[in-house]
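Analysis of the macromolecular model
Spelled out, the chains give:
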Amino acid sequence: FPSATRYAQTHGAYVVTNDMYRDHVQGIVGDAAERERQRRWTKTHLISYTFVGDEFLPNPNFSFEL
């Protein structure tokens, strides 16, 4: 995983990103349990975003309660 993701995992943080790291999770070789742990983490800790014009819009459907 990229260093920002590793940092977030070790510090209980979230990552605002436009990459949901699906390819990184699929690239974990040989350990299905670790792939599943990483998949769950990405779903609960990666916040997607977009820009409309010059306005930054984080995903309004993201829940910090998961």
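What you see is a predicted model; the values in this text were computed from it and never measured.

1. Describing helix 3 (residues 32-45)
- Along its 14 residues, helix 3 runs 20 Å from first to last C-alpha, staying within 8% of the 20 Å computed at 1.5 Å per residue.
- Residues of helix 3 that are buried: Q38, W41, T42 and H45. All buried residues of helix 3 lie within an arc of 100° about the axis, which places them on one face of the element. The exposed residues of helix 3 that point more than 90 degrees off its buried face are A32 and K43.
- Summarising the contacts, the buried residues of helix 3 are in contact with helix 1 (3-11), strand 1 (15-16), helix 2 (22-26) and strand 2 (46-47).
- Its side-chain oxygen placed 3.3 Å from the backbone nitrogen of A33, D31 serves as the N-cap of helix 3.

2. Focus: unusual backbone geometry
- Here Y21, not a glycine, exhibits a phi torsion of approximately 60°, which is positive.
- In this fold, Y21 is placed in the loop between strand 1 and helix 2.

3. Regarding the side chain of T17
- Mapped onto the fold, T17 is located in the loop between strand 1 and helix 2.
- Judged by its relative accessible area of 8%, T17 is buried.
- Polar side-chain contacts of T17 include one of 2.9 Å to the backbone nitrogen of D19.

Parameters and conventions
- Residues numbered from 1 in each chain as written.
- Predicted model: local features only at pLDDT ≥ 70, side-chain atom pairs only at ≥ 80, totals over all residues.
- Heavy atoms only, no water.
- Helix = DSSP H or I, 4+ residues; strand = E, 2+ residues; numbered from the N terminus.
- Expected span 1.5 Å × (residues − 1).
- Buried < 20%, exposed > 50% of the residue type's maximum accessible area, 1.4 Å probe, protein only.
- Arc of directions from axis to C-beta.
- Contact = heavy atoms within 4.5 Å.
- Polar contact = N/O pair within 3.5 Å; in protein donor to acceptor, adjacent residues only side chain to side chain.

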